[in-house]
Amino acid sequence: MQTLQFYFEHQPNSHRIAVLTLSIIIFWNTENIIALNFDYRKWRHALTNSFFTLTDAPVQFLLGIVLAYSTAWVTSHQWGLIYELPIKSTFYQFIVAFIALDFLEYVYHVLMHKVKRLWMCHLVHHSDRVVDTSTVLREHPFETAIRLTFLVLWVFVTGAGFWMVLARQFIQVISNVFAHANFRLPEKIDRMIGTVLITPNLHHVHHHYQQPYTDSNYGDVLSIWDHIFGTFRRLEASKVVFGVDTCMDTRENAVFKQLLIIPFSGYRSPLEQTQTPAAVGQEQYEGLYQEEPPTPTAITA
């Protein structure tokens, strides 16, 4: 355990980037073999989503410094949950911190859906009409700032040290890329794994374009919180349509500069939305992700 602790305390940023890149490569190529949907321009879609790495990088750098100082402070002052419990083992402290951080990420995710102004930032991620491994990159810089600010708060709550946060992020990156992959696990396997972990089958339901499914399966790495708090749902792949019913126009949700201004627009109530996936005209969709106009079942999870 000390070896792992030493590694995560001294690992270069390039290692985390390598884990993200390798995860995307592995699941990207898996999608090429067993994807649920081949009917879109995958490289163009990925390019649109990858632009967010450029806008997010400065935010991650600045708040990453704040995060580093915060973890150093809680460690030196032995502040937080793991220091209040009678646990001396570093390994068990990490397990407690991991579970606590995962629960708090669940709380964060619920808040991003329930608080209107926060939702307008998170809407950028959910507006993707084709969910695949590149969707994990699709995060508005405002949401990046909000997410990392909450993470700093969670560090003070849990007492997680720098190496614990980084070790969890390694697992989190792989889990998140996997959850967004454009394929599904066999149903029997998914029902076993999905009891504890978030899978593509479960996260695709979360990306369904209509309520109540959009507000379900909030889990980050673990799915147990959705089981406990009643937000767990399943939906057949043939019935899932990716996107959000208030943002179905691909002239908006497939164009990077339009995505950047979504948080500045007014809140969109689902009750005021009458457009369905089939109502999106060919002139709005052609030349972006697909060759043909979509139908309600053209984009499925």
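Residues numbered from 1 in each chain as written. Predicted model: local features only at pLDDT ≥ 70, side-chain atom pairs only at ≥ 80, totals over all residues. Heavy atoms only, no water.

Looking at this structure, how should I read the pattern of salt bridges?
Where charged atoms of side chains with opposite charge meet at close range, the side chains can pair. Taken as a whole, this structure holds 10 salt bridges when the rule is applied. Across the pair D215 and K114 runs a salt bridge whose closest N-O atoms are separated by 3.1 Å. Of the two residues, D215 is situated in the loop between α11 (200-206) and α12 (224-229) and K114 in helix α6 (residues 90-114); the sequence distance between them amounts to 101 residues. On the basis of relative accessibility, which here comes to 53%, the residue K114 falls in the exposed class. R147 is paired through a salt bridge with E139; the nearest N and O atoms lie 3.0 Å apart. Residue classification places R147 among the partly exposed positions, given a relative accessible area of 23%. (Salt bridge = Lys/Arg side-chain N within 4 Å of Asp/Glu carboxyl O. Helix = DSSP H or I, 4+ residues; strand = E, 2+ residues; numbered from the N terminus. Buried < 20%, exposed > 50% of the residue type's maximum accessible area, 1.4 Å probe, protein only.)

When you look at the side chain of Q172 in this model, what are you seeing that I'm missing?
Within the secondary structure, Q172 sits in helix α9 (residues 162-179). At 2.6 Å, the side chain of Q172 and the side chain of D220 are in polar contact. Residues contacting Q172, with those up to four places away along its chain left out, are E105, D220 and V221. (Polar contact = N/O pair within 3.5 Å; in protein donor to acceptor, adjacent residues only side chain to side chain. Contact = heavy atoms within 4.5 Å.)

Could you clarify how one ought to interpret the packing of helix α3 (residues 42-50) against helix α4 (residues 52-77) in this entry?
Two quantities define a packed helix pair, namely the angle between the axes and the distance from one axis to the other. At a closest axis distance of 5 Å, the pairing of α3 and α4 adopts a crossing angle of 20°. Between α3 and α4, the interaxial angle falls into the category roughly parallel. Contacts between α3 and α4 involve T48, N49 and S50 from the first element and F52, T53 and L54 from the second. The class makeup of the residues in the contact of α3 with α4 is 2 nonpolar, 4 polar and no charged. (Axes fitted to C-alpha atoms, helices over the stretch in contact; angles between N-to-C directions. Parallel < 35°, antiparallel > 145°, perpendicular 65-115°, else oblique. Nonpolar A, V, L, I, M, F, W, Y, C, P; charged D, E, K, R; others polar.)

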